[in-house]
Structures are given as C-alpha cells and as structure tokens.
Amino acid sequence: MSQTCARQLLRLLEAYGVDTAFGIPGVHTIELYRELSDSRIRHVTPRHEQGAGFMADGYARASGRPAACFIISGPGMTNIATAMGQALADSVPMLVISSVNRRPTLGRGQGRLHELPSQQQTLAGVSVFSHTLHDPEALPELLARAFAIFRGARPGPVHIEIPIDLFDTEVPALAPRPVEVFPPAPAPAAIARAADWLAGAERPLLLLGGGCASAPEAARALAERLDAPTLTTINAKGVLGLDHPLDLGATASLPAARRLAAEADVVLAIGTELGETDYDLVFDEGFRLDGRLIRVDIDPQQLGRNQATDLALVADAGETLAALAARLPEPDERDGRARTAAVRRELALAEDPELAPYVPLFATLREALPDAVVVGDSTGPVYAGNFLAAMPAPRRWFNAATGYGTLGYGLPAALGAALAEPERPVVALVGDGGLQFVLGELGTARDLGRPLAIVIWNNDGYDEIRRYMSASDVAHVGVDLAAPAFRDLASAYACRYATVGDPASLHEALGRLDGADSPLIIEIDAAAWAASA
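Sequence order as written defines the numbering, with residues in each chain counted from 1. In keeping with the model being predicted, local features are shown solely for residues with a pLDDT of at least 70 and side-chain atom pairs are shown and tallied solely at 80 or more, while totals for entire chains, interfaces and linings include all residues. Note that the side-chain values use all heavy atoms of the structure and ignore hydrogens as well as water.

### Section: the pairing of strand 11 (residues 266-270)
- The cut-offs for exposure are 20% and 50% of the maximum accessible area for each residue type, with area from a 1.4 Å probe on protein chains only; residues under the lower value are buried, those over the upper are exposed, and the others partly exposed. Runs of E in the DSSP output that reach at least two residues are strands. Runs of H or I that reach at least four are helices, and both are numbered from the N terminus. Here strand 11 lies mainly inside the structure; five of its five residues are buried.
- Of the two faces of strand 11, both are covered, the one formed by Val-266, Leu-268 and Ile-270 as well as the one formed by Val-267 and Ala-269.
- Strands are treated as partners if at least two bridges between them are detected by DSSP. Where strand 11 lies against strand 12 (residues 292-297), five bridges are found, and the strand directions are parallel. What sits directly across from Ile-270, in strand 12, is Val-296.

This is the structure:
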C-alpha cells in the first residue's frame, strides 16, 4: 500500500487536528490540490498570500490552534513573509507549506519559474525553522517537530518547503501517529523559592503576557491569592476577566503604572518578553523594575532579555500559575485592590485628551457586542483601545500594533478569527489607510459569507504619522491620502454598508450584524465623530 507525498501530508495534518488551510493554488502546488479535494481540511482562498498568513494568524490567536497555509514557491513566499514576521514577533503558531523547484535544479540559478537563490534561507529569518524536504519519508518527522514547537515551546511560524517533484511521489501508506506533546512543568525547587519571595513581598506586582492566554482561571486565582496589582500585555487583555479589581490592563507605558512597577519589591512576569510594544510605547526606555524579578517563560532565551532577572523558570505559564497559587498562603492584609484603584484614578484614562475621543467608541462596542472578538490594524482607535478596551476573556482583542507592527493586518486576521469562532461576532477595527493594503480581501469576506463587522475609522490618510510629523515640526508629506468611496466598494463586493458619525448611529449599525450572511462595512467619519463628542 502506498500514497502520494501530498496525500500523506494532508493525512498527517488531519491527525494533528488541522482543519483549515489558507492558500492560493498555483502550477507548482497543483498535485497538492489534487489530493485536497478528498481531504476534511477546509480550504479558504485569499486574494493575496499575505492575506493567507494574516488569516492563519487571526485563526490561531482566536482559537489557540494553528492553521496551515499552502503557498506557491517564489513570489508566494515573499508575499507571505510579512505575515510570518508578525506571527514570529507575537509567538503565533502557523504552519506554512510551500512548493519549491525540483530537487535537481535547486541552487543552480538556471532562471526557473519562481526561482530564488535559496528560498529556505530567505524565509528562515521569519520562521522558528525553515526546512527543505529532500526525502518524502521524513515528512512525519518534520510535522512532529513542528507540532512539538507549537505545543511545547515558544510557538511561531514553521516553514516546510516541498520540491514539486515530490508531491506526487509514492510513499508507504502508514497510519499517522501524531506525537502527543506536554509542555515543561516548573521545577518544584523554583516554585518553592518563588512562592517564598512572593509571600514575603509587601508590594508584589504581576506582569501577565500572551503566554497566559490559555490559562485565565489560573491567572485569576494567582492574582487573587497574591492580592497583587496586575499589568497585562495587549495579547493578554481579558485574562483576569471583565473589570477585575486587580487589573490595570496594558498600561505599562504610562507614568502611573511605571511608578507602581518601580516601587514593587517583588515582580512576577509570566509569558511576556517585556518588550517595547507593551512596556515602552512612548519609546523612552522608561519602564524599569527595581525589585526582585521572577520570570517564567517557555523559551529560555527570553529569560535574559530586556530586564535583569533574579529567578528564572523555564516552564509552561498555566502550570506555573497553578503551582504558585497552590503554594501561596491565603492573602493577608495586603492592599492590592486599593493600590490598583489608586493607580486607576491617577491614570484617568477616560480624561486623557489623546484617548478621550475614543472612549465612546469602545463603550458602544462593549454595549452592542459584549462577546465580540475585536481584531485591529495599526490605527489610532486601536492604539487607544489597547489602553481603553475591556474584554471578558482572553483571545478577544488582538491587533498588529504589537511586535512587528504591520499595516493591512486587521481585515484578513478578522476573517481568520471569524472562521475559528463562528458563533461569536467579530469586528475588524481598521483605518482607511491600512485597509487599502488589503482591499481585495473584501472578496474573501464575501466568499465566506460571515456576519463580520468591518469598522473603518476614516480620517483621510495616515493620521498617526501626520500627528508625529506635526509634533516633530515636519511638513506633512505622503500622509494625506484620497480614500476610496467605501460605499461603492461595499456594493462592488456585495457587502452591506452604513456610515456613522456618533455613538448612537454606530450602535444602531452594529445591531444589523446578527442574522446576516454578508459582511457589514461601517464607515466612521472621524471628523463628525469628534464634533459629536
């Protein structure tokens, strides 16, 4: 009994639980698509390979499970590289399967279709690893290696390229044997020492990153047992639940939160790289920790970066949260809730002149769609929402303002989230400038027939850069753009459309999202919105 290498690949992916693949077929992947027609894997066709990567990213962030991307060689891979860079920066699992030229031609520079000097090396910089398959019987080993990373290490994109002469090569038809992977548990001696330090702290502080997104109950239990003010990263938003009295959200870049961090005598940072896009959004290197720092990360390399560490645990975030909560005594007379409330009053986010115009936006979204997944691009409302938005659970708020910081992320990533969470409303929060990177994906949105809300903050250009230019006394060059007629675009792509200029009309428009089988484009006139405040 034998099967083609392409068939074996699909059977292995099914065995590992992959149910969705994003890709655009091409002449170099035609044999893979021959087998795909008999697979249980759902295929989604974006309008650009970058969109495939962003969709897989949004799918993984919303669900916690990786999707696959099937990508042609050469331009297909350079097109998806930006999306892989975003996923690598934010530790998002993504499996990218690509074609590459025939084995006898690799590296020979013969001017073959889609040829690169080394496609594998080109993609290695945006992958956890990039590998060329030379022996088709090694495919199970490669998939086991990829899923060991997804489930037991710091995840990210994995790239496996298959020469086009191997897709239809016959291999033994062996039953798939997916590897069951358990992430590392914390060392008991390290838990004991960390618990002692935390129990003896007078001003403890918790820093929770995206690594905690899969363990919200354990995170909440530890925060309450420790009675510690808690700062979350953007990718951990909602991990303590809605309006928790110890939750300061993603405010680590703001002065009041920074003073709290500097005054803490023991800090526990779990599943966070302590990176610039969460802790130094004002880019002044002003976030510092003067107390003892306990760091927990599944990647040992992270434990020595960005802040000097006193105690390092290489371990799964959820396992560590639970072990520490079980080891710590009942909370004493600490004043964690009072300290948190005092910082909130000092932060006064709703009164900040930079954030205040967006407060009604997020109040309306929360009232109209309390269970929504909100996926953002790099745009003013999203930057504000990283401070303002409150979520009832993790995996409900993510965007491209973290890590790599690409534009064009919001719409395709929201489509991935909508496929991962079909029973939950999904909102793509985008700017008019960023949306123009990926207008073609409105066609994908129409194909999928999901009730996705695409909320466009239209300020006629790159307003964030405009404001930076003004603050730096730089003339406005290249930032004033002519936006398309979004109403006409909605009609062209068979999407519903509404234009709004105040919270009441936005609430009414969002009420049209339910029970429909087509996307709803809601255009917010930023100038009218500001005038209504």
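Further notes follow.
### Considering the sheet that holds strand 3 (residues 42-44)
- Taken in spatial order, the six strands line up as 3-2-4-5-7-6 in an open sheet, and their pairing is parallel. On the outer flanks of this sheet lie strand 3 and strand 6 (129-132), each paired with one strand and no other. This sheet shows a mean twist of 20° between the axes of neighbouring strands, independent of strand direction.
- Inspection of the sheet shows strand 6 paired to strand 7 (residues 157-163) by four bridges, in the parallel sense. Among the inter-strand pairings, Thr-132 is bridged to a residue of strand 7, identified as Glu-161.
- Of the strands in this sheet, strand 5 (94-100), strand 6 and strand 7 touch helix 6 (residues 139-152), which is tilted by about 175° from strand 6. Axis definition: a line fit to C-alpha positions, over the contact stretch in the case of helices; interaxial angles, taken between N-to-C directions, run 0 to 180 degrees. Throughout, a residue-residue contact means that at least one pair of heavy atoms, one from each residue, lies within 4.5 Å.

### Overview of unusual backbone geometry
- Here Asp-460, not a glycine, exhibits a phi torsion of approximately 60°, which is positive.
- Note that Asp-460 resides in the loop between strand 17 (453-458) and helix 18 (463-471).
- Phi is positive for Asp-473, close to 60°, though the residue is something other than glycine.
- Mapping Asp-473 onto the fold places it in the loop between helix 18 and helix 19 (486-492).

### Re the environment of Ala-401
- Note that Ala-401 resides in the loop between strand 15 (397-399) and helix 15 (410-420).
- Spatially, the C-alpha atom of Ala-401 lies 8.0 Å from that of Thr-379, the residues being 22 residues apart in sequence.
- Apart from the residues within four sequence positions on either side, Ala-401 is in contact with Thr-277, Ser-378, Tyr-383 and Asn-386.

### Description of helix 12 (residues 336-347)
- What a helix is expected to span follows from its residue count: subtract one and scale by 1.5 Å. Across its twelve residues, helix 12 extends 16 Å between first and last C-alpha, which sits within 8% of the 16 Å expected from 1.5 Å per residue.
- Of all the residues in helix 12, the buried ones are Gly-336, Arg-339, Thr-340, Val-343 and Leu-347. Looking down the long axis of helix 12, one finds its buried residues gathered within 100° of arc, a one-sided arrangement.
- Following helix 12 by one or two positions, Ala-348 adopts a phi angle in the positive range, close to 45°. Think of the arc as the fan of directions from the helix axis to the C-beta atoms.

### Brief notes about the pattern of salt bridges
- Whenever a carboxyl oxygen of Asp or Glu lies within 4 Å of a side-chain nitrogen of Lys or Arg, that contact is scored as a salt bridge. Under the counting rule described, the total for this entry stands at 23 salt bridges.
- Between Glu-31 and Arg-34 there is a salt bridge; the shortest N-O distance is 2.8 Å. Of this pair, Glu-31 and Arg-34 both sit in helix 2 (residues 30-36), three residues apart, which is roughly one turn of the helix.
- Taking the relative accessible area as the measure of exposure, Arg-34 reaches 54% and is therefore exposed.
- Asp-447 is the salt-bridge partner of Arg-47, the closest N and O atoms lying 2.8 Å from each other. Of this pair, Arg-47 sits in the loop between strand 3 and helix 3 (49-63) while Asp-447 is found in helix 17 (residues 441-448), placing the two residues 400 residues apart along the sequence.
- Under the relative-accessibility criterion, Asp-447 is labelled partly exposed at 47%.

### Quick word on the pairing of strand 16 (residues 426-431)
- The buried fraction of strand 16 is high, at six of six residues.
- Side chains Val-426, Ala-428 and Val-430 project from strand 16 onto one buried face, and the interleaved Val-427, Leu-429 and Gly-431 project onto a second face that is buried too.
- Pairing of strand 14 (residues 373-376) with strand 16, which is carried by four bridges, proceeds in the parallel orientation. Along strand 16, the bridge assignment pairs Val-374 with Val-427.
- Two strands pair when backbone bridges link them, and strand 16 and strand 17 are joined in this way by five bridges, in the parallel orientation.

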